[in-house]
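Spelled out, the chains give:
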Amino acid sequence: MESRACSYISESLAYSMLHHGVSRDSGPLTFHPKPPLQRPDASATLVRSRRSMASEANPADAEGKQRRLVSETEEDLAVALAKYTAELSDKYARERGAFTVVLSGGYLIHSIRKLVESPYKESVDWAKWHVFWVDERVVKKDHVDSNYKLAYDGFLSKVPIPRSQVYSINDSLSAEGAADDYEACLKQLVETGVLEVLASTGFPRFDLMLLGMGPDGHIASLFPGHPLLKENKRWVTYIKDSPKPPPQRITFTFPVIDASAYIAMVVAGSGEVDAVKKALGCKDSSSDLLPVQMVSLEDGEFTWFTDKEAVSKLQNKASP
Ligand SMILES: O=C(O)[C@H](O)[C@@H](O)[C@H](O)[C@H](O)COP(=O)(O)O
């Protein structure tokens, strides 16, 4: 099980830039000016959330930027998510020679299982992928709680993404140290052009975040009522009192999540029905928002990928 720990990025990138441009494994990367953001083809079932429905509850929704795909089954959801991800991979590989993808832990890794099967296993340009984590538990990488291990076992070990482009945390550091280290890693990747920065906010702009949501509406390691929800300077921070075990984690902050080009919020099954109902089904006062409702994309597109079970408490299951 190997990846490029962020503390070693400096050496790796120095080597890569000297010898190949950016990536040691995949040859030179070319970066072109990015054209205006384009939406991937909307499938017949992909629908835009109704503005009026949750406009107070969700700023992204208020701007009409949320879409919702309700699949009949979890299996259908996994098929749709693989297609969506592969299309974005093609787009970014073509446009700028790199595709920056952020993973979460939890059920999400199971949801992307179709990507390691035909046709995607063969057709996706895996050499262009750069993989990050929206949050990570501060444990050794071979620990059963490690999000890296989860992703490695279920996804990364099955596709040829260059190891130097898999940015796992340095698991020999404390939570504070690992957060600092990961942020420094991101800053180096901005300098070398792998990562873009959103000009309007100065925060790094990832091409695609594949996120899960907990039953309490948390995303990443940003939990309801926690002071970290207000962090607006750091790119990566740490938490030592996570209500979901294990307690020590590092996490991207909201401004980084908000700078994303695309977010896929993946929720399947019955475990999160109440949070889904609250997030998508009713108006709330702004003081009572779930973390998932606090996402406010600057210039991106937020798509809910759910199965029917996950939206079973919603009256309007697929908004027009
Ligand atoms: O470390 C973690 O716990 C995850 O990264 C976390 O952000 C996860 O995505 C949500 O908790 C949803 O998890 P489930 O899909 O297991 O509900």
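See above for the structure.
Rules used throughout
- Residues numbered from 1 in each chain as written.
- Predicted model: local features only at pLDDT ≥ 70, side-chain atom pairs only at ≥ 80, totals over all residues.
- Heavy atoms only, no water.
- Helix = DSSP H or I, 4+ residues; strand = E, 2+ residues; numbered from the N terminus.
- Buried < 20%, exposed > 50% of the residue type's maximum accessible area, 1.4 Å probe, protein only.
- Contact = heavy atoms within 4.5 Å.
- Near = heavy atom within 4 Å.
- Polar contact = N/O pair within 3.5 Å; in protein donor to acceptor, adjacent residues only side chain to side chain.
- Areas by Shrake-Rupley, 256 points an atom, 1.4 Å probe, with all protein chains shown as cover.
- Core = buried A, V, L, I, M, F, W, Y, C linked by side-chain atoms within 4.5 Å.
- Pairing = 2+ DSSP bridges.
- Axes fitted to C-alpha atoms, helices over the stretch in contact; angles between N-to-C directions.
- Arc of directions from axis to C-beta.
- Salt bridge = Lys/Arg side-chain N within 4 Å of Asp/Glu carboxyl O.

1. Digging into the overall build of the chain
Of the regular secondary structure elements, the chain holds ten helices and 14 strands. Counting the 320 residues in the chain, one finds 57% classified as buried. Expressed as a percentage of contacts within the chain between residues at least 6 apart in sequence, the contacts between residues at least 24 apart total 76%.

2. Regarding the site of the ligand
In the neighbourhood of the ligand, 15 residues make up the surrounding shell, with Gly 105, Asp 135, Arg 137, His 218 and Lys 244 lying closest. Between the ligand and Arg 137, the relevant distance is 2.6 Å, taken from an oxygen atom to a side-chain nitrogen or oxygen of the residue. Backbone polar atom of Ala 220 to an oxygen atom of the ligand: 2.9 Å apart, as the coordinates give it. Summarising the interface, the protein chains cover 89% of the accessible area of the ligand, which totals 410 Å² for the free molecule.

3. A look at the nonpolar core
One finds Leu 103, Phe 155 and Phe 252 to be the most contacted residues of the largest nonpolar core, which totals 90 residues. For Phe 155, the contacting residues outside a window of four places in its chain are Leu 103, Ile 109, Ile 112, Leu 115, Val 116, Trp 126, Trp 129 and Ile 161.

4. Some remarks on the side chain of Asn 147
Examined against the element boundaries, Asn 147 turns out to sit in helix H7 (residues 147-154). Residue class for Asn 147 comes out buried when judged on its relative accessible area of 3%. A polar contact is formed between the side chain of Asn 147 and the backbone oxygen of Asp 135, at a distance of 3.1 Å. A polar atom in the side chain of Asn 147 sits 3.1 Å from the side chain of Arg 137.

5. Here's the deal with the sheet that holds strand S6 (residues 135-137)
On the basis of which strands lie adjacent, the open sheet formed by three strands has the order S6-S12-S11 and antiparallel pairing. Edge positions in the sheet fall to S6 and strand S11 (236-239), since each of these pairs with one other strand and no more. Between one strand axis and the next, the sheet turns through 20° on average, direction left out of account.

6. Here we look at H7
Every buried residue of H7 is accounted for by Asn 147, Tyr 148 and Ala 151. With its buried residues spanning 105° around the axis, H7 presents them on a single face. With a side-chain oxygen lying 3.1 Å from the backbone nitrogen of Tyr 148, the N-terminal cap of H7 falls on Ser 146.

7. What to know about the pattern of salt bridges
Opposite charge on two side chains permits them to pair, given that their charged atoms come into close proximity. For the structure shown, the criterion picks out 20 salt bridges. Ionic pairing is found between Glu 176 and Lys 240, a salt bridge with its closest N-O pair at 3.2 Å. Highlighted residues: Glu 176 in helix H8 (residues 175-191) and Lys 240 in the loop between S11 and strand S12 (249-252), separated in sequence by 64 residues. What emerges from the salt-bridge pattern is a single network uniting Glu 74, Glu 75, Arg 113, Lys 114 and Glu 117.

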